[in-house]
Amino acid sequence: PEGQKMLSEASILLINATAAGTETLKNLILPGVGFITILDDKLVEERDLGNNFFVTKASIGKSRAEIAKNLLLELNDDVKGDFLHEPRRKYITSEEHFEFFRQFSLVIA
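Here we summarise the structure given alongside this text. Computed from a predicted structure; not experimentally measured.

An order of β3-β2-β1-β4 is seen for the four strands of this open sheet, with the pairing classed as parallel. Each having just a single partner strand, β3 (80-84) and β4 (106-108) make up the two edges of the open sheet. Averaged over all neighbouring strand pairs, the angle between strand axes comes to 15°, with direction disregarded. Bridge analysis of strand β1 (residues 11-15) against strand β2 (residues 35-39) gives five bridges, and the strand direction is parallel. The partner of Leu14 across the bridge, within β2, is Ile38.

A word on the pairing of β1. The buried count for β1 comes to five of five residues, which makes it a mostly enclosed element. The two faces of β1 match: Ser11, Leu13 and Ile15 on one face and Ile12 and Leu14 on the other face are all buried. Between the parallel elements β1 and β2, the chain passes through helix α2 (residues 19-29) in a crossover that is right-handed. Taken together, the three bridges between β1 and β4 define a ladder with parallel strand orientation. Paired with Leu13 across the strands is Val107, a residue of β4.

The subject of this paragraph is the nonpolar core. Core analysis: the largest hydrophobic core is formed by 17 residues, its most contacted members being Ile12, Leu25, Ile29, Val33, Ile36, Ile38 and Leu72. Secondary-structure elements contributing two or more residues to this core are β1, α2, β2 and α3 (64-73). Looking at this core element by element, the count peaks at four residues for α3. Apart from the residues within four sequence positions on either side, Ile29 is in contact with Ile36, Leu72, Leu75, Asn76 and Val79. In this structure, Ile15, Leu84, Tyr91 and Phe104 belong to the second largest nonpolar core, which totals seven residues.

Reading the values: the criteria
Residues numbered from 1 in each chain as written. Predicted model: local features only at pLDDT ≥ 70, side-chain atom pairs only at ≥ 80, totals over all residues. Heavy atoms only, no water. Pairing = 2+ DSSP bridges. Helix = DSSP H or I, 4+ residues; strand = E, 2+ residues; numbered from the N terminus. Axes fitted to C-alpha atoms, helices over the stretch in contact; angles between N-to-C directions. Buried < 20%, exposed > 50% of the residue type's maximum accessible area, 1.4 Å probe, protein only. Right-handed = clockwise from strand over helix to strand, strands pointing away. Core = buried A, V, L, I, M, F, W, Y, C linked by side-chain atoms within 4.5 Å. Contact = heavy atoms within 4.5 Å.

As structure tokens, then:
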């Protein structure tokens, strides 16, 4: 019970909505992580279709972060989420954005 409570209160940041990253996030969403954020500035490309279960042909040209977030959240109605379609470099290399990472229990990169 204590572990489940901690999980439901956790906030997870995924940097880059790659196949490995979305699979990892899926495994936290299914048991009920509290909140997810996906940071990725890439658009879905045709090559993503063969290796990322969470994108479809209709996703091509759209924000990879937004598509992944929407499809992942369908797995568990209790999980909330957001996405940032921005370059990760903006957050990783900027002192002013250092505080941004403090809001997350876990960062997956």
